[in-house]
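# Residue-level structural notes
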Amino acid sequence: MRILITNDDGIYSEGLWKLAEALSEIGQVSVVAPDRNLSGAGTAMTLISIIRADKFASPLSGVEAYAVQGTPSDCVVLGMKTLFNSPFDVVASGINQGANIGMDVLISGTVGGALRGYFNGVPSMAVSSAYRDKQEIRYELAAEVARELARSLRDRNVTEPMLLNVNVPDQERASIECLDVTNLGPVAYIEEVETGQDGIRTHYWVRHRRPADIDVPSGTDVWAVRNGRISITPLDILGGNQCSSSTVEALARDVRGAFNL
Ligand code: MN
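Computed from a predicted model, the values in this text were never measured in an experiment.

### Here's the deal with the sheet that holds strand 6 (residues 123–129)
Sheet architecture is open: nine strands sit in the order 3-4-2-1-5-6-7-11-8, paired in mixed fashion. The open sheet has two edge strands, strand 3 (53–55) and strand 8 (178–181), and neither has a second partner. Shown here is a sheet whose adjacent strand axes are inclined to one another by a mean of 20 degrees, direction ignored. As judged from the four bridges shared by strand 1 (residues 2–6) and strand 5 (residues 90–97), these two strands associate in the parallel manner. Note that in strand 5 the partner of I3 across the bridge is V90. Where helix 4 (residues 139–155) meets the sheet, its contacts fall on strand 5, strand 6, strand 7 (162–168) and strand 11 (229–234), and the angle it forms with strand 6 comes to roughly 165 degrees. Against the sheet, helix 6 (residues 245–258) makes contact with strand 7, strand 8 and strand 11, and its axis sits at roughly 170 degrees relative to strand 8, the strand it touches most.

### Some remarks on the environment of G199
Positionally, G199 belongs in the loop between strand 9 (190–198) and strand 10 (201–209). Taking the C-alpha atoms as reference, G199 lies 52 Å from E148; in sequence the two are 51 residues apart.

### Brief notes about the pairing of strand 9
Relative to strand 10, strand 9 runs antiparallel, the two sharing nine bridges. Across the sheet, the residue bridging to E191 is H208, located in strand 10. Remark: two residues form the turn of the hairpin made by strand 9 and strand 10, two consecutive strands paired antiparallel; G199 in that turn has positive phi of roughly 65 degrees.

### Here we look at the packing of aromatic side chains
Scanning all chains against the criterion turns up five aromatic pairs. For the ring pair Y12 and F56, a centre distance of 5.5 Å and an interplane angle of 75 degrees mean the geometry is edge-to-face. On the criterion of sequence distance, the pair formed by Y12 in the loop between strand 1 and helix 1 (14–23) and F56 in the loop between strand 3 and strand 4 (64–68) is long-range, its members being 44 residues apart. Classification of Y12 as exposed rests on a relative accessible area of 67%. A network of ring pairs unites the aromatic residues Y12, W17 and F56 as a single cluster.

### Structural notes on the packing of helix 4 against helix 6
One way to put it is that helix 4 packs onto helix 6 with a least axis distance of 9 Å and a crossing angle of 130 degrees. Judged on the interaxial angle alone, helix 6 and helix 4 are oblique. For the crossing formed where helix 4 meets helix 6, the hand is right-handed. Counted together, V145, E148, L149, S152 and L153 of helix 4 and A250, L251, D254, V255 and A258 of helix 6 form the full contact between these two elements.

### What about the side chain of S128?
Structurally, S128 can be placed in strand 6. The residues touching S128, leaving out its near neighbours within four places in the chain, are I95, N96, G98, A99, N100, T110, V166, N167 and V168.

### Let's talk about the coordination of the manganese ion
Taken together, D8 (OD), D9 (OD), S39 (OG) and N96 (OD1) make up the full set of protein donors to the manganese ion, lying 2.1 to 2.3 Å away. All donor residues of the manganese ion come from one chain, and their arrangement in sequence is D-D-x29-S-x56-N. Here S39, found in the loop between strand 2 (28–34) and strand 3, pairs with N96, found in strand 5; they are 57 residues apart in sequence, far enough to count as distant.

### With respect to unusual backbone geometry
Following G94, the chain continues to I95 via a peptide bond in cis, the omega torsion being -5 degrees. Phi at N157 takes a positive value of approximately 50 degrees, unusual for a residue other than glycine. By the secondary structure assignment, N157 is in the loop between helix 4 and strand 7.

### Here's the deal with helix 3 (residues 109–119)
Judged by how many residues are buried, helix 3 sits mostly within the fold: 10 of 11 residues are covered. Buried residues in helix 3 make contact with strand 1, helix 2 (72–83), strand 5, strand 6 and strand 7. In this structure S108 caps helix 3, since a side-chain oxygen of it lies 3.1 Å from the backbone nitrogen of T110.

### So, the nonpolar core
Counting 49 residues, the largest nonpolar core has I5, W17, L23 and V31 as the members making the most contacts within it. At nine residues, the largest contribution of residues to this core is made by helix 4. For W17, the contacting residues outside a window of four places in its chain are I11, V31, F56, S58, P59, L60, V63 and A65. Core analysis: the second largest hydrophobic core is formed by 12 residues, L4, V68, M80 and V91 among them.

About the cut-offs
Residues numbered from 1 in each chain as written. Predicted model: local features only at pLDDT ≥ 70, side-chain atom pairs only at ≥ 80, totals over all residues. Heavy atoms only, no water. Pairing = 2+ DSSP bridges. Helix = DSSP H or I, 4+ residues; strand = E, 2+ residues; numbered from the N terminus. Axes fitted to C-alpha atoms, helices over the stretch in contact; angles between N-to-C directions. Contact = heavy atoms within 4.5 Å. Phe/Tyr/Trp six-rings, centres within 6.5 Å; stacked < 30°, edge-to-face > 60°. Buried < 20%, exposed > 50% of the residue type's maximum accessible area, 1.4 Å probe, protein only. Parallel < 35°, antiparallel > 145°, perpendicular 65-115°, else oblique. Left-handed = near helix turned anticlockwise from the far one by under 90°. Donors = N, O, S within 2.8 Å, 3.2 Å for Na, K, Ca; no water. Polar contact = N/O pair within 3.5 Å; in protein donor to acceptor, adjacent residues only side chain to side chain. Core = buried A, V, L, I, M, F, W, Y, C linked by side-chain atoms within 4.5 Å.

If you want it as structure tokens, here you go:
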């Protein structure tokens, strides 16, 4: 199985290489990622200027990598259509620094990269890890979940296009409650704008603030991650029949089995 990996935190992000390392156990991995942090890039694509892609010295042997002056979507397009000789079977995006849940998936570059794989006809996953302390993100746990999901896609020979948004709570593996197939929760970050002065000009910084812990229904990704559960949300952009729920349930069952959940 050939796996294309991207992210939105950029080519130097620890989570990207943790994902690449884990998925190398399942298939032949190639990495194409933005040359800088593009969190919040969503589904954006570069259509009005050229894009450069430079070979990147991969820390993993046998893994070819490119750093792109473009968005996660640009990376997946270049990866799938131009930079490599043979087609990819799976696209994986992440591991993002922080959960991508609720309405915020619409601005997530992690999800945006995976969306481009889905649009190009392959099973695709966005993988994110929640955190409380930015210095202690549990990339390993998220990487293991991604690895088991990829293993299940491979062993079940799943080829139907799907977009799976995977979020892992900030907990020890031993304290993970379960793995749920979820819907998006009705929660989004709140924006705040900080204003500052630099020299004679004014600048603005749009900051994201977590909304208060309002009640959210069980069965949603927000509820799952808050309650110590791994969340897999099939994002069905066209509102039906893009991927069968029985396939997603089978994949989820395999991952639960691998973790004894
Ligand atoms: Mn990010």
